[in-house]
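Below, each chain spelled out in residue letters.
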Amino acid sequence: MTDLQEAGFKERTRIADARERLLDIPPIDRTERISLSVADGRTVAEPIEAVRNVPHYARAAMDGWALRAEDTFGASDRSPAILRTADEAGPGRAVRVHTGSELPERADAVVMIEDTDRIDDEIEVFDAVAAGENVAPIGEDVEAGQQLYDPGHRLRPSDLGLLKGTGIDTVETVEAPEVAVIPTGEELVQADPDPGEVVETNRFTISRLAERWGADVTRREIVTDDHETLRAAVQRDLTRDVVVTTGGSSVGERDLIPEVVEELGEVFVHGVALKPGHPVALGRVEGVTVVMLPGYPVAAIINAVQFLRPLIKHLGRMPIEPLPSRDATLTRKLRSEPGIRTFARVKLEDGEDGLEATPTRAGGSGVLSSVALADGWVAVPESKEGIAAGETVTVENWEYNG
């Protein structure tokens, strides 16, 4: 038995302390210029300024007639202004325009169509307009040279549309952090399990989460619980920014991955004060961070959200924003252990007095349905010994796409 196995989990690191040590590395300095067509979700690497004005011409903001505002002075229902219809604007002349039309030269306002009557080649204007009224001036939306985004901003579809409209086709972005996901365990199979075998799901789930968070993911095949095989698997992916393993992170005879990482580099956290999923380990080998997630699916997901998500955000120079949450009234008591942060999965329903949160019946770290069929989780603080029914709790949406 190894020293790590003999030591067990006599002490468990607090989540905040473990995360602080995990993020004590510089972010990625690699950048690349990419097309807007593939820039959704990427992080801006340098300030972005608009190339041209939007709109780049003065345009009508309403359907109506373009004219000189001074020609409508004093116009009213009883005493309309009379103007001639024409193809060019000028004194006493009005030009028919539609929303988005270029404002004709010498016109400075648009009167709405409903405030006029047309009689042959003349119009009656029943409402005076001021210069610039119902006109979108050049640069009203965006001015050329205006700074649009700072470094660290993660691009969204609406951002891409704005950039395209301002004359930008490519952007300098931070390269996506490269993450390798390695499932481990001799009991794992891809399908059709026999007794004693388990269908491997962590690679699929953790990989998709990592991609949502902004990583470029490599999915590896299942690696068995063999010291040299595990060592080779970790060494193979030291060209990545992060290596994620699932399974084998505890202190049993077949939990070899912390020992392997300790031999190759260092394990700076092994065992965290959270439930379910305390047997998580964090380490580094040749500057590459290794996140060793427990094999139980719920434990793997919880630890991925707590550690892999902020790591990917940090490396990719993205803001580490809190998960979106909603307050709800707890319908049943939640139990927790003092000194341990407990993640209790709940279902949300509309009650008579507002939103209600009901803990899921299945709460084990191996019960994937307790997460997949839940609407979020309540993170019970270390300082509490449970939460009583009727209290207001904050329900975090851990599957938020960001």
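Residues numbered from 1 in each chain as written. Predicted model: local features only at pLDDT ≥ 70, side-chain atom pairs only at ≥ 80, totals over all residues. Heavy atoms only, no water.

Enquirer: Is there a simple way to explain helix 4 (residues 202–212) in this structure?
Expert: Turn by turn, an α-helix covers 3.6 residues, leaving residues three or four places apart pointing in a common direction. Among all positions in helix 4, only Asn202, Arg203, Ile206, Ser207, Leu209 and Ala210 are buried. Viewed along the axis of helix 4, the buried residues span an arc of 165°, placing them on a single side of the element. Residues of helix 4 that are buried sit in contact with strand 14 (178–183), strand 17 (216–219), strand 18 (242–246), strand 22 (288–293) and helix 7 (297–315). Looking one or two places after helix 4, you find Gly214, whose phi comes out positive at around 110°. (Buried < 20%, exposed > 50% of the residue type's maximum accessible area, 1.4 Å probe, protein only. Helix = DSSP H or I, 4+ residues; strand = E, 2+ residues; numbered from the N terminus. Arc of directions from axis to C-beta. Contact = heavy atoms within 4.5 Å.)

Enquirer: What's the story with the pattern of salt bridges in this structure? I'm lost.
Expert: Opposite charge on two side chains makes pairing possible when the charged atoms of those side chains draw close. Tallied over the entire structure, the rule returns 18 salt bridges. Across the pair Glu221 and Arg203 runs a salt bridge, and its minimum N-O distance is 3.8 Å. With Glu221 in the loop between strand 17 and helix 5 (227–236) and Arg203 in helix 4, this residue pair connects regions lying 18 residues apart in the sequence. Here Arg240 and Asp237 are joined by a salt bridge, their closest N and O atoms 3.8 Å apart. A cluster of three or more residues bridged by salt bridges with shared partners is formed by Arg220, Arg236, Asp237 and Arg240. (Salt bridge = Lys/Arg side-chain N within 4 Å of Asp/Glu carboxyl O.)

Enquirer: What should I look at first to understand the environment of Val95 in this one?
Expert: With respect to the helices and strands, the residue Val95 is situated in strand 7 (residues 93–97). Residue classification places Val95 among the buried residues on the basis of a relative accessible area of 9%. Along the sequence, Val95 and Asp77 sit 18 residues apart, while their C-alpha atoms lie 21 Å from each other. Not counting residues up to four positions away in its chain, the partners in contact with Val95 are Gly64, Trp65, Ala66, Ala86, Asp87, Glu88, Ala89 and Pro104.

Enquirer: Just checking my understanding: could you explain the packing of helix 2 (residues 15–22) against helix 7 for this structure?
Expert: In helix packing, the relevant descriptors are the interaxial angle and the interaxial distance, both defined with respect to the helix axes. Packing of helix 2 against helix 7 leaves a shortest axis separation of 10 Å and a crossing angle of 30°. Comparing their axes, helix 7 and helix 2 come out roughly parallel. Considering the relative orientation of helix 2 and helix 7, their crossing is right-handed. Seen from helix 2, the contacting residues are Ile15, Ala18, Arg19 and Leu22; seen from helix 7, they are Gln306, Phe307, Pro310 and Leu311. Along the lines of polarity and charge, the residues of the contact of helix 2 with helix 7 split into six nonpolar, one polar and one charged. (Axes fitted to C-alpha atoms, helices over the stretch in contact; angles between N-to-C directions. Parallel < 35°, antiparallel > 145°, perpendicular 65-115°, else oblique. Left-handed = near helix turned anticlockwise from the far one by under 90°. Nonpolar A, V, L, I, M, F, W, Y, C, P; charged D, E, K, R; others polar.)

Enquirer: So what exactly am I meant to see when it comes to the sheet that holds strand 2 (residues 43–44) here?
Expert: Adjacent strands of a sheet pair through backbone hydrogen bonds, lying either parallel or antiparallel. The sheet built from three strands is open, its strands ordered 1-13-2 with antiparallel pairing. Either end of the sheet is taken by a strand with one partner, and the two such strands are strand 1 (31–35) and strand 2. Bridge analysis of strand 2 against strand 13 (residues 170–174) gives two bridges, and the strand direction is antiparallel. What sits directly across from Thr43, in strand 13, is Val174. (Pairing = 2+ DSSP bridges.)

Enquirer: Is there a simple way to explain the nonpolar core in this structure?
Expert: The nonpolar side chains of a soluble globular protein tend to be buried with one another. Residues Val244, Phe307 and Leu308 are the most contacted members of the largest nonpolar core, which totals 42 residues. For this core, the secondary structure elements donating two or more residues are helix 2, strand 14, helix 4, strand 18, strand 19 (266–270), strand 22 and helix 7. Per-element tally for this core: the top contributor is helix 7, with 11 residues. In this structure, Leu238, Ile257, Val285 and Val290 belong to the second largest nonpolar core, which totals 18 residues. (Core = buried A, V, L, I, M, F, W, Y, C linked by side-chain atoms within 4.5 Å.)

Enquirer: Can you walk me through the packing of helix 5 against helix 6 (residues 257–264) in this structure?
Expert: Here helix 5 crosses helix 6 at 60°, and the two axes come no closer than 10 Å. Overall, the two elements helix 5 and helix 6 adopt an arrangement that is oblique. Handedness of the crossing formed by helix 5 with helix 6: right-handed. Listed contacts from helix 6 to His227, Leu230, Arg231, Val234 and Gln235 of helix 5 are Ile257, Glu259, Val260, Glu263 and Leu264. Here the contact of helix 5 with helix 6 is built from residues that sort into five nonpolar, two polar and three charged.

Enquirer: Where do I start with the confidence of the model for the chain in this structure?
Expert: Mean pLDDT for the chain: 91, with 94% of residues reaching 70 or above. This stretch, residues 1–7, has a pLDDT under 50; its non-local contacts, to residues over four places away or in other chains, come to 11 contacts. (pLDDT = per-residue confidence, 0-100.)

Enquirer: Please clarify how the sheet that holds strand 19 should be interpreted in this entry.
Expert: The strand order across the open sheet formed by six strands is 17-14-18-22-21-19, and the pairing between neighbours is mixed. The sheet is open, and its two borders are formed by strand 17 and strand 19, each paired with just one other strand. Between one strand axis and the next, the sheet turns by 20° as a mean value, whatever way the strands run. Note: strand 18 against strand 22, five bridges, orientation parallel. Bridge assignment links Val244 to a residue of strand 22, and that residue is Val291. On the sheet, helix 7 packs against strand 14, strand 18, strand 21 (281–285) and strand 22 and is oriented at approximately 165° with respect to strand 22.

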